[in-house]
Amino acid sequence: MSVNVLEAQHLYFSYPDGTIVLRDLSVAIERGKKTAILGANGTGKSTFLLHLIGTLKPSKGKIFFNQQEVQYSRTSLLALRSKVGFVFQDPDTQLFSASVWQEVSFGPLNLGWTEEKVKEMVTKALRITDTTHLKDRPTHSLSYGQKKLISIADVLAMEPEVIILDEPTASLDPQYTIHILNLLNEINKRGTTVIMATHDVDMAYAWADSIMIMKDGIIIKKGNPVEVFLDDELLNQSSLTKPFVLDIFNKLQLNGYLPEGITIPRSRQQLFEIIGRYAKNSRL
Ligand SMILES: Nc1ncnc2c1ncn2[C@@H]1O[C@H](COP(=O)(O)OP(=O)(O)OP(=O)(O)O)[C@@H](O)[C@H]1O
């Protein structure tokens, strides 16, 4: 099986009002990885992600899922969306059923699964997202963070190969952010490819295996987080800042407090351990 689960080839897209968004965008997304897409407001991240689930159809160009070109008939799209789940930025765009249980059952029921299988998958999705206690609640009564978790449960209940999230941690408090990121890591460990658009450079740097930078409707860079975020010119032209951990590490190295050639930290904890190690040595 190919390493790429999704691929976009030469995508062009304009909205009906004439706004040109995608301009010859080509990129491949690797299976089993955690990919973060970053870029300035309005650069086309959401528009691109909506192409990956066939909600938007390119004016020109092709999308491939598991090497098969995406088709736009009702049945093909239903099949695609059972394999590639999408979590909208605003949960109110996604949730429409009266109760949480009904909401999470909707996707699996739509796929024609037996009542028994639907029950099993909904139970599992609520357990994984830690929301079983909310199953009888009306969706409209949930807090924003709870709605976000139910939006993820919605998608998980169909056991997708890929889960795409548009700014999953925007407007969440730090606890909920950690909860959602742990959940996404757990889902990824079970073999699901996770793709997200985000503005949070610190989170993306620590979380992702692969970073894609989008500018003016194309992906201008794809690479591992260290490689991407060490490129100051790229960050400048994409209106992005350097992640805190990498910035401090860089400055400590430039000022001679840390030697060259040591492993670059990805988290605050790793940075703390490096500083601790060299601070201790310098006292000797
Ligand atoms: N339905 C629409 N009709 C017309 N223009 C649209 C529509 N949706 C988005 N756009 C425009 O397309 C461009 C790209 O928007 P998009 O939401 O894809 O960017 P984004 O990178 O996700 O932005 P943000 O980070 O602010 O969410 C913007 O200029 C936006 O105004």
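In this convention, every chain numbers its residues from 1, walking through the sequence in written order. Local features in a predicted model are, by the rule used here, given only for residues with pLDDT of at least 70; side-chain atom pairs are given and counted only at 80 or more, and totals for whole chains, interfaces and linings are based on all residues. Side-chain descriptors were evaluated using all non-hydrogen atoms of the structure, hydrogens and water having been removed beforehand.

Going by what an unreviewed UniProt entry lists, the protein is known as ABC transporter ATP-binding protein and is assigned to Desulfotomaculum nigrificans. UniProt positions are given in the numbering used here, feature names are shortened, and annotations may be inferred rather than shown by experiment. As its UniProt record puts it under Subcellular location (unreviewed entry), the protein is described as follows: "Cell membrane". In its Sequence similarities (unreviewed entry) section, the UniProt record describing the protein reads: "Belongs to the ABC transporter superfamily."

## Overview of the sheet that holds strand E8 (residues 193-197)
On the basis of which strands lie adjacent, the open sheet formed by six strands has the order E6-E7-E8-E3-E9-E10 and mixed pairing. Looking at which strands have only one partner, the edges of the open sheet turn out to be strand E6 (84-87) and strand E10 (218-223). Each adjacent strand pair in this sheet contributes to an overall mean axis angle of 20°, direction not counted. Of the pairings in the sheet, the one linking strand E3 (residues 34-38) to E8 comprises four bridges and is parallel in character. The residue bridging Lys34 from the neighbouring strand is Val194, located in E8. Pairing between two strands is assigned when DSSP locates at least 2 bridges connecting them. For helices the rule is a DSSP run of H or I covering at least 4 residues; for strands it is a run of E covering at least 2, with both sets numbered from the N terminus onward. Axis angles are defined between N-to-C directions and span 0 to 180 degrees, where every axis is a line fitted to C-alpha atoms and, for a helix, only to the segment in contact.

## Observations concerning the pairing of E6
Along E6, one buried face is formed by Val84 and Phe86 and the opposite face, lined by Gly85 and Val87, is buried too. The pairing of E6 with strand E7 (residues 162-166) spans four bridges and is classified as parallel. Looking at the pairing, Gly85 lines up with Ile163 of E7. Type-normalised accessible area, obtained with a 1.4 Å probe on protein chains alone, sets the label of each residue: buried when under 20%, exposed when over 50%, and partly exposed for intermediate values.

## Observations concerning the packing of helix H6 (residues 144-156) against helix H7 (residues 174-189)
A packed helix pair is summarised by two numbers, namely the angle formed by the two axes and the spacing between the axes. Two numbers describe how H6 lies on H7: the axes approach to 11 Å, and their chain directions differ by 10°. Considering the angle they form, H6 stands roughly parallel to H7. Across from Gly145, Gln146, Lys148, Leu149, Ile152 and Leu156 in H6, the residues of H7 making contact are Tyr176, His179, Ile180, Leu183 and Ile187. Residue type decides the class: Asp, Glu, Lys and Arg count as charged, Ala, Val, Leu, Ile, Met, Phe, Trp, Tyr, Cys and Pro as nonpolar, and the leftover types, Gly among them, as polar. Class assignment of the residues belonging to the contact of H6 with H7 gives a composition of seven nonpolar, three polar and one charged. Should an angle fall under 35 degrees it is taken as roughly parallel, and over 145 as roughly antiparallel, whereas 65 to 115 is taken as roughly perpendicular and any remaining angle as oblique. Should any heavy atoms of two residues lie within 4.5 Å, those residues are counted as being in contact.

## Digging into H7
The terminal C-alpha atoms of H7 lie 22 Å apart, and with 16 residues this matches the ideal 22 Å at 1.5 Å per residue to within 8%. Every buried residue of H7 is listed here: Thr177, Ile180, Leu181, Leu183, Leu184, Ile187 and Asn188. Across the axial projection of H7, the buried residues extend over an arc of 160°, all falling on one side. Exposed side of H7, more than 90 degrees from the buried face: Pro174, Gln175 and Lys189 are the residues found there. The inward-facing, buried residues of H7 abut E3, helix H5 (115-128), H6, E7, E8 and helix H8 (201-207). Looking one or two places after H7, you find Gly191, whose phi comes out positive at around 110°. One fewer than the residue count of a helix, multiplied by 1.5 Å, yields its expected span. Relevant arc is that of directions from the helix axis to the C-beta atoms, nothing else.

## Here's the deal with the pairing of strand E4 (residues 60-65)
In this structure, strand E1 (residues 4-14) lies alongside E4, joined through five bridges in antiparallel fashion. Within the sheet, the bridge partner assigned to Glu7 lies in E4 and is Phe64. Hairpin connection between E4 and strand E5 (residues 68-69): a loop of two residues separates the two successive antiparallel strands, and Asn66 in this loop has a positive phi of roughly 50°.

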